[in-house]
Number of protein chains: 2
Amino acid sequence: MSNPDDSNPEKVTPSAPAAVDMESRAVGGGGVSNIVSRWKREDLLKRGSIASRGFGFVFSFLAFIIMATNKHGDREDFDKYEEYRYVLAIAILATLYAGLQALRQIHELSTGREMFSRQNLAVVDFFGDQIVAYLLISAASSAVPLTNRMREGADNVFTDASASAISMEFLAFFSLALSALISGYKLSNQSYI
Amino acid sequence: MSNPDDSNPEKVTPSAPAAVDMESRAVGGGGVSNIVSRWKREDLLKRGSIASRGFGFVFSFLAFIIMATNKHGDREDFDKYEEYRYVLAIAILATLYAGLQALRQIHELSTGREMFSRQNLAVVDFFGDQIVAYLLISAASSAVPLTNRMREGADNVFTDASASAISMEFLAFFSLALSALISGYKLSNQSYI
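Positions within a chain are numbered from 1, following the residues in the order the chain's sequence is written. Working convention: letters from A go to chains and numbers from 1 go to ligands, in the order in which they are written. Given that this is a predicted model, residues contribute local features only at a pLDDT of at least 70 and side-chain atom pairs are listed and counted only at 80 or more, while totals for whole chains, interfaces and linings are drawn from all residues. Side-chain metrics rest on all non-hydrogen atoms present in the structure, leaving aside hydrogens and water.

Draft legend 1. Molecular detail of the overall build of chain A. Across its full length, chain A holds 6 helices and 0 strands. Relative accessibility under 20% of the residue-type maximum defines a buried residue, over 50% an exposed one, and the middle range a partly exposed one, all with a 1.4 Å probe and only protein chains included. Put simply, chain A has 193 residues, and 43% of those count as buried. In chain A, of all internal contacts separated by at least 6 residues, the share reaching a separation of at least 24 is 75%. Carbon together with sulfur atoms contributes 66% to the accessible area of chain A, which is approximately 10,200 Å² in total. For the purposes of this entry, the term helix denotes a DSSP run of H or I that reaches at least four residues, the term strand denotes a run of E that reaches at least two, and both are numbered from the N terminus. In what follows, residue pairs with any heavy atoms lying within 4.5 Å of each other are defined as contacts. Using the Shrake-Rupley algorithm and a 1.4 Å probe, accessible areas are obtained, with residue cover drawn only from the displayed protein chains.

Draft legend 2. The nonpolar core, seen in detail. In this text, buried Ala, Val, Leu, Ile, Met, Phe, Trp, Tyr and Cys residues form a nonpolar core when linked through side-chain atoms within 4.5 Å. In this structure, Tyr134, Leu136 and Phe173 of chain A together with Tyr134, Leu136 and Phe173 of chain B are the most contacted members of the largest nonpolar core, which totals 34 residues. Within the residue set of this core, elements represented by two or more residues are helix 3 (32–68), helix 4 (82–111), helix 5 (118–153) and helix 6 (157–189) of chain A together with helix 3 (32–68), helix 4 (82–111), helix 5 (118–153) and helix 6 (157–189) of chain B. Setting aside residues no more than four positions away along its own chain, Tyr134 of chain B makes contact with Gln130, Ala133, Tyr134, Ile137, Phe173 and Ala177 of chain A.

Draft legend 3. Spotlight on unusual backbone geometry. The phi torsion at Asp74 of chain A lies on the positive side, around 55 degrees, for a residue other than glycine. With respect to the element layout, Asp74 of chain A can be found in the loop between helix 3 and helix 4.

Draft legend 4. Inspection of the UniProt feature "domain: Casparian strip membrane protein" (unreviewed entry) in chain A at higher detail. UniProt positions are given in the numbering used here, feature names are shortened, and annotations may be inferred rather than shown by experiment. Following the UniProt record, the feature "domain: Casparian strip membrane protein" (unreviewed entry) maps to residues 48–174 of chain A here. Here residues 48–174 of chain A runs as 83% helix and 0% strand, with 13 Å between its end C-alpha atoms.

Draft legend 5. View of the UniProt feature "transmembrane region" (unreviewed entry) in chain A. Residue and element names in this part refer to chain A. The sites that UniProt annotates as "transmembrane region" (unreviewed entry) are residues 50–69, 84–100, 121–144 and 164–185. Structurally, residues 50–69 is divided into 95% helix and 0% strand, and its ends, taken at the C-alpha atoms, are 28 Å apart. As annotated, residues 84–100 has a helix share of 100% and a strand share of 0%, and its two end C-alpha atoms lie 24 Å apart.

Draft legend 6. Broad picture of the environment of Gln105 of chain B. Among the secondary structure elements, Gln105 of chain B is positioned in helix 4. Every residue in contact with Gln105 of chain B, bar those within four places of it in the chain, is listed here: Ser49, Ile50, Arg53 and Lys186 of chain B.

Draft legend 7. Just the confidence of the model for chain A, in detail. Residue and element names in this part refer to chain A. For chain A, the mean per-residue pLDDT works out to 81, and 82% of the residues sit at or above 70. Mean pLDDT across the secondary structure elements of chain A bottoms out at helix 1 (residues 9–12), with 42, and peaks at helix 4, with 91. Low pLDDT, under 50, characterises residues 1–28; the predicted model gives this stretch 24 contacts beyond four residues in sequence or across chains. Across the predicted assembly, pTM comes out at 0.77 and ipTM at 0.76. The pLDDT value expresses, per residue, how confident the predictor is, ranging between 0 and 100.

Draft legend 8. How the structure looks around the environment of Thr147 of chain A. Residue and element names in this part refer to chain A. Relative to the helices and strands, Thr147 resides in helix 5. Assessed through its relative accessible area of 4%, Thr147 is described here as buried. Distance in space between the C-alpha atoms of Thr147 and Val58 is 23 Å, their sequence separation being 89 residues. Contact partners of Thr147, with chain neighbours within four places excluded, come to Tyr84, Thr159, Ser162, Ala163 and Ile166.

Printed below as a string of structure tokens:
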């Protein structure tokens, strides 16, 4: 509503463009600049979403590799402890989830086509991100006390590798929690697009 | 735009009611019934929010009481273990948070006045719920492996009380995760109200 002369557009241009103009005003007022700022915001969200999932993929992949190679014989095998097995399982799950989602998004960005309907995808995105974020923080926190207790006794390559896998899982958690925020925003705004 | 004759409304009624009608249609179509269904949905959300925080309060209060009374002398004191101290600390925090939020909401519902501005409150609500939910699942998962290991050896009143405090904390987590979903929905829709 920047131009006061436009307050009665139905008298000026009783045609299709007027209806488009009305609609853009119902969204928030401001006409073309409003639409452009909306596009910019959506573009930023899309990039943010890809970046946070990309980081989530990298960190959970690192957690997976570090934990899976953490076998030094005797009592220093990760698979002797249920906490470390849990860390590994969730790291694999998060790697697959974040990797596939990031791939899909990059594919959509490069081809411009959407592989699934937007409505379903927003729900799957949001719940997926949220659930994987909860699983990541659960796995990372469950392994912290055991590692703490081991490091009180001896500080060797096994406990160091465990600690770094746990740290990577915490970083993956932060990335996917951010991604869940972004998909929550997308989910609740989609019906207005 | 259900009626094809209405495709050029500017020719039919170039007055104020037409603009109002346009706006209600831009939201979803249907006029008065649309507004009424919106009110119903918001009422449902408000009740859902109070209920989920109420449950969150009850469950975290139970976790707090059960863990705080879990002292049976010698090695069977909860404060000998960092996991159980973490469970207790987060249970107290969640009790305070969920209790105060539920009280505020019940007060607002009974007096009809809002204590803080809606904009700020929605952000605080959402981040508060989300952070407390993450802390609750972190505390509960961190204490599970220790309790499992103790129960392999001996199954007594100390391990039973620990297990029930952890279960209560998981239930409080589910309540506050639901509450975070509802406040996320409120947060992202508030600018359209």
